[in-house]
Amino acid sequence: MLSPEQVARLAVPEPDRSAGSAGSAGPLTAEDRKLLAVLARDGRAPLAELAAATGWSQSTVRRRLAALRADGTLYFDVDQRQRIFGFTMTTVLWLSVPPSELAATGQALADHSEVAFACATTGPSNLMATVVCEDVSALYTYLTTRIAALPAVRHMETSPVIRRIKGPGPLPPTPHDPSRLPS
């Protein structure tokens with residue numbers, strides 16, 4: 001269990017989106033894209049490697065990283081194998097709730113410790129969540145107790161994750177890799 005101080009250190013600060021704020025990073029430059037490409041491959045890349053990729057000094061890289069983080073353009077996320085912690089069951093839930101109950105139900109769902117990710121969507125299922133449980137029995141208990149206790153849920157579908165093929169997101173396109181540029 002993490003201490004409150006550890007939790008606070010892991011929290012993502014809210015970006016400063018106010019017009020003209022001192023933390024505004026401005027538009028991304030070609031050098032920024034090089035910087036982000038290195039970080040996409042290795043989020044722990046040393047300043048020397050980032051400086052070499054951009055042609056900037058290490059102090060310039062440090063300042064630019066701070067600006068990109070301050071305005072929310074850049075953030076760091078941790079991705080780990082749940083099995084290491086004894087959680088073997090990952091399932092995607094597709095829930096249907098009345099639109100008037102979407103925010104409250106979404107927040108209640110997000111407050112569940114089993115929920116790793118939750119978002120509002122469109123279509124027949126308007127709430128989606130990724131749930132991580134110890135095993136099938138724990139998933140069954142979660143679905144039949146905590147999800148069942150959400151009064152606005154009208155319909156639910158579950159999709160167990162059998163095999164994860166790709167991680168959190170796409171790598172940004174780089175000028176040197178035309179196959180990754182949007183068409």
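Residues numbered from 1 in each chain as written. Predicted model: local features only at pLDDT ≥ 70, side-chain atom pairs only at ≥ 80, totals over all residues. Heavy atoms only, no water.

Enquirer: Would you mind going over the overall build of the chain with me for this structure?
Expert: A count of helices and strands for the chain gives six helices and four strands. Ordered by position from the N terminus, the helices and strands of the chain form the series α-α-α-α-β-α-β-β-α-β. Classification of the 183 residues of the chain by burial places 27% in the buried group. Look at the contacts in the chain between residues 6 or more apart in sequence, and 65% of them connect residues 24 or more apart. Accessible surface, the chain as shown: approximately 12500 Å² in total, 57% of it carbon and sulfur. (Helix = DSSP H or I, 4+ residues; strand = E, 2+ residues; numbered from the N terminus. Buried < 20%, exposed > 50% of the residue type's maximum accessible area, 1.4 Å probe, protein only. Contact = heavy atoms within 4.5 Å. Areas by Shrake-Rupley, 256 points an atom, 1.4 Å probe, with all protein chains shown as cover.)

Enquirer: Where do I start with the pairing of strand β1 (residues 89-96) in this structure?
Expert: Note on strand geometry: in a regular strand, side chains alternate between the two faces of the sheet. The buried fraction of β1 amounts to six of the eight residues, a majority that puts the element mostly inside the structure. Inspection of the sheet shows β1 paired to strand β3 (residues 127-133) by seven bridges, in the antiparallel sense. Each bridged residue has a counterpart across the sheet, and for L93 the counterpart in β3 is A129. Note that β1 and strand β4 (residues 155-160) share six bridges and pair antiparallel. Among the inter-strand pairings, V92 is bridged to a residue of β4, identified as S159. (Pairing = 2+ DSSP bridges.)

Enquirer: Explain the pattern of salt bridges here, please?
Expert: Pairing is possible between side chains that carry opposite charge, provided their charged atoms lie close to one another. Tallied over the full model, the rule gives two salt bridges. Between R64 and D32 there is a salt bridge whose closest N-O contact spans 2.6 Å. With R64 in helix α4 (residues 58-70) and D32 in helix α2 (residues 30-41), this pair connects stretches of sequence that are 32 residues apart. According to the relative accessible area criterion, D32 is buried, its value standing at 0%. Close ionic contact of R146 with E114 constitutes a salt bridge, the shortest N to O distance being 2.7 Å. One end of the pair, R146, is in helix α6 (residues 136-147); the other, E114, is in the loop between α5 (102-110) and β2 (115-120), and 32 residues separate them in sequence. When its relative accessible area of 19% is taken as the criterion, E114 is described as buried. (Salt bridge = Lys/Arg side-chain N within 4 Å of Asp/Glu carboxyl O.)

Enquirer: What should I look at first to understand the side chain of T54 in this one?
Expert: With respect to the element layout, T54 can be found in helix α3 (residues 47-54). On the accessibility criterion, T54 (8% relative accessible area) is buried.

Enquirer: How should the sheet that holds β3 be read in this particular structure?
Expert: By way of backbone hydrogen bonds, the strands of a sheet pair with one another, either parallel or antiparallel. One open sheet accounts for four strands, arranged β2-β3-β1-β4; its pairing is antiparallel. Edge strands, defined here as strands with exactly one partner in the open sheet, are β2 and β4. Put simply, the sheet's adjacent strands are angled 20° from each other on average, direction ignored. Against the sheet, α6 makes contact with β1, β2, β3 and β4, and its axis sits at roughly 25° relative to β1, the strand it touches most. (Axes fitted to C-alpha atoms, helices over the stretch in contact; angles between N-to-C directions.)

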